[in-house]
Amino acid sequence: MDSYTKNYDEPIEPPGWMTFEVLSFGTISKIYENLEREHQISISKKFELAADRLKSWLHAYAHIRNTCAHHSRVWNRTFRINPSVLKSEKDHVFAPKKFYNHAVAIQCMLNKVSGNHSWGLLLDDLLSQYPSIPLSPMGFPEDWIKKPIWN
């Protein structure tokens, strides 16, 4: 904030986009949760998601980010906070309380905000470096990287 006031006179306060760049996932999740429903719907439409689904995903992103930041395991873990899964996705996400569900939600969001990303390939490369670690305890289906969501 101090550097903003040294460099800019207008507007008096930094723009919202600038402020949101420094907020944690947890704070963003809470802000979204506390918005009036009409504003939640307006924002969620930008991501082509239902308002409640975006709320679920933001909460799950914050939770998994904190899990990783505190060096907790994601392998063979049953999460208590999970991204919502639609009925139409039940054949794709077999274990909704496992890491794979989180990975799918992250991939979906990245596909919406930046079609030019390689997160799925990086995840595949990372998992391939440890072939002795089975993927099924994380909820990964066989040949997961060949599923359309990862292309």
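Residues numbered from 1 in each chain as written. Predicted model: local features only at pLDDT ≥ 70, side-chain atom pairs only at ≥ 80, totals over all residues. Heavy atoms only, no water.

**Q** Looking at this structure, I do not really get the packing of helix 4 (residues 37–46) against helix 5 (residues 51–69). What am I missing?
**A** Helix packing for two helices is described by the angle between their axes and how far apart those axes are. Two elements in contact, helix 4 and helix 5, have axes whose closest approach is 8 Å; the angle formed by their N-to-C orientations is 80 degrees. The angle between the axes of helix 4 and helix 5 places the two elements in the roughly perpendicular class. Residues Arg37, Gln40, Ile41, Ile43 and Ser44 of helix 4 form the contact with helix 5, whose own contacting residues are Ala51, Asp52 and Leu54. (Axes fitted to C-alpha atoms, helices over the stretch in contact; angles between N-to-C directions. Helix = DSSP H or I, 4+ residues; strand = E, 2+ residues; numbered from the N terminus. Parallel < 35°, antiparallel > 145°, perpendicular 65-115°, else oblique. Contact = heavy atoms within 4.5 Å.)

**Q** Sorry, what's going on with the nonpolar core here?
**A** Proteins that are soluble and globular tend to have nonpolar side chains buried together. Formed by 24 residues in total, the largest nonpolar core has its most connected members in Trp57, Phe99, Leu123, Phe140, Trp144 and Trp150. Of all the secondary structure elements, the ones that give two or more residues to this core are helix 5, helix 6 (99–113) and helix 7 (119–128). Of the residues forming this core, the biggest block, 7 residues, is contributed by helix 6. If we ignore the near neighbours within four places in the chain, the residues touching Trp150 are His92, Tyr100, Ala103, Val104, Gln107, Trp119, Gly120, Leu123, Trp144 and Ile145. (Core = buried A, V, L, I, M, F, W, Y, C linked by side-chain atoms within 4.5 Å. Buried < 20%, exposed > 50% of the residue type's maximum accessible area, 1.4 Å probe, protein only.)

**Q** Teacher, can you tell me more about the pattern of salt bridges here?
**A** If charged atoms from side chains of opposite charge come close, those side chains can pair. Tallied over the full model, the rule gives 3 salt bridges. Close ionic contact of Glu33 with Lys30 constitutes a salt bridge, the shortest N to O distance being 3.7 Å. A residue pair is termed a helical-turn pair when its members lie 3 or 4 positions apart in one helix, as Glu33 and Lys30 do in helix 3 (residues 25–34) at 3 residues. Across the pair Asp52 and Arg37 runs a salt bridge, and its minimum N-O distance is 2.8 Å. With Asp52 in helix 5 and Arg37 in helix 4, this pair connects stretches of sequence that are 15 residues apart. (Salt bridge = Lys/Arg side-chain N within 4 Å of Asp/Glu carboxyl O.)

**Q** Got a minute to help me understand empty space enclosed by the protein in this structure?
**A** A water-sized probe, rolled over the atoms, reveals where empty space remains. Taken as a whole, this structure holds 1 cavity of 30 Å³ or more when the rule is applied. Approximately 30 Å³ is the volume found for the largest cavity. Mapped onto the lining of the largest cavity, the elements with two or more residues apiece are helix 5 and helix 6. With 3 residues, the top contributor of residues to the lining of the largest cavity is helix 6. (1 Å grid on protein atoms, 1.4 Å probe; cavity = no way out; pocket = protein on both sides within 12 Å on 5 of 7 lines; lining within 4 Å. Points joined across faces, edges and corners; volume = space filled by probe spheres on them.)

**Q** Whenever I open this one, unusual backbone geometry confuses me. Can you help?
**A** Trans peptide bonds make up most of the peptide bonds, and negative phi angles are found at most residues other than glycine. Of the consecutive residues Glu10 and Pro11, the connecting peptide bond is found in the cis state with omega at -15 degrees. Position of Pro11 among the secondary structure elements: in the loop between helix 1 (2–7) and helix 2 (16–20). Even without being a glycine, Glu48 presents a positive backbone phi close to 55 degrees. Structurally, Glu48 is set in the loop between helix 4 and helix 5. Judged by relative accessible area, Glu48 falls into the exposed class, the value being 65%. A positive phi angle, close to 60 degrees, is found at His71, a residue other than glycine.

**Q** Looking at this structure, I do not really get the layout of surface pockets. What am I missing?
**A** Here the largest pocket is characterised by a volume of approximately 590 Å³. When contributions to the lining of the largest pocket are tallied by element, the ones reaching two or more residues are helix 3, helix 5 and helix 6. Ranked by the residues each element gives to the lining of the largest pocket, the list is headed by helix 5, at 6 residues. Here the residues of the lining of the largest pocket sort into 20 nonpolar, no polar and 1 charged. (Nonpolar A, V, L, I, M, F, W, Y, C, P; charged D, E, K, R; others polar.)

**Q** Please explain the packing of helix 3 against helix 4 as it appears in this structure.
**A** At a minimum axis distance of 8 Å, the contact between helix 3 and helix 4 shows a crossing angle of 125 degrees. It follows from the interaxial angle that helix 3 and helix 4 lie oblique. Residues Tyr32, Glu33 and Asn34 of helix 3 touch helix 4, and the partners they reach there are Gln40, Ile43 and Ser44. Split by residue class, the contact of helix 3 with helix 4 holds 2 nonpolar, 3 polar and 1 charged.

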